[in-house]
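# Inside the fold
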Amino acid sequence: MAIISKNMEIQERIIGTFEELQSAIHGLESQLVEFEILFNQACDRHIASDFQKECLLDRISSRHVTIVSRHESLQLIQETVSAYRDYDGLFLDHKQLLQSLELLMLNHAEREYEIAAIIKKWYEKFVRAVDFIADLAY
């Protein structure tokens, strides 16, 4: 069994969390494309029905706005975390990284609670990646 330093274990956990974040962003991008297609179809139906399908258009538009907001929130988190990544792909100054995410969350808590909640979820994931108790099985 190879012995890995605590720092390398933390790096692996942060990188894993960062990859999970990137995957979530990619998933939302796919949803955005799908909702743009749905929105165009709903517009066509709305026009074809002599403008009687406004409710459908509103629901799709509302859902699209929600997905855009989530996507923008995750991109903001990605930009913040990426600022602590070096050229080798390792994350530097874990404590400062967590403080930056916490500050980002608190800044949004005052005016955009939904975005702050998304940031909090990812902040907690990065905290777990940095502050872990390694399983010691002998």
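Residues numbered from 1 in each chain as written. Predicted model: local features only at pLDDT ≥ 70, side-chain atom pairs only at ≥ 80, totals over all residues. Heavy atoms only, no water.

## Concerning the packing of helix H2 (residues 54–82) against helix H4 (residues 113–130)
- Here H2 crosses H4 at 40°, and the two axes come no closer than 9 Å. With respect to their mutual orientation, H2 and H4 come out oblique. Where H2 crosses over H4, the handedness of that crossing is right-handed. Of the residues in H4, those touching H2 at Ser69, Arg70, Ser73, Leu74, Ile77 and Val81 are Ile115, Ile118, Ile119, Trp122 and Phe126.
- Taken together, the residues of the contact of H2 with H4 break down into eight nonpolar, two polar and one charged. (Axes fitted to C-alpha atoms, helices over the stretch in contact; angles between N-to-C directions. Helix = DSSP H or I, 4+ residues; strand = E, 2+ residues; numbered from the N terminus. Parallel < 35°, antiparallel > 145°, perpendicular 65-115°, else oblique. Left-handed = near helix turned anticlockwise from the far one by under 90°. Contact = heavy atoms within 4.5 Å. Nonpolar A, V, L, I, M, F, W, Y, C, P; charged D, E, K, R; others polar.)

## Examining the side chain of histidine 94
- Along the chain, histidine 94 falls in helix H3 (residues 94–109).
- Judged by its relative accessible area of 16%, histidine 94 is buried.
- When near neighbours in sequence (up to four residues on either side) are disregarded, histidine 94 contacts Asn7, Ile10, Gln11, Ile14 and Val130. (Buried < 20%, exposed > 50% of the residue type's maximum accessible area, 1.4 Å probe, protein only.)

## Side note on the environment of aspartate 58
- Structurally, aspartate 58 is set in helix H2.
- Accessibility expressed as a relative area gives 45% for aspartate 58, which makes it partly exposed.
- Taking the C-alpha atoms as reference, aspartate 58 lies 12 Å from leucine 38; in sequence the two are 20 residues apart.

## Details of the nonpolar core
- Core analysis: the largest hydrophobic core is formed by 31 residues, its most contacted members being Leu74, Ile77, Val81, Leu97 and Phe126.
- Per-element accounting of this core gives the leading share, nine residues, to helix H1 (residues 6–48).
- Beyond its immediate stretch of four places on either side in the chain, valine 81 contacts Phe18, Phe91, Leu97, Leu101 and Phe126. (Core = buried A, V, L, I, M, F, W, Y, C linked by side-chain atoms within 4.5 Å.)

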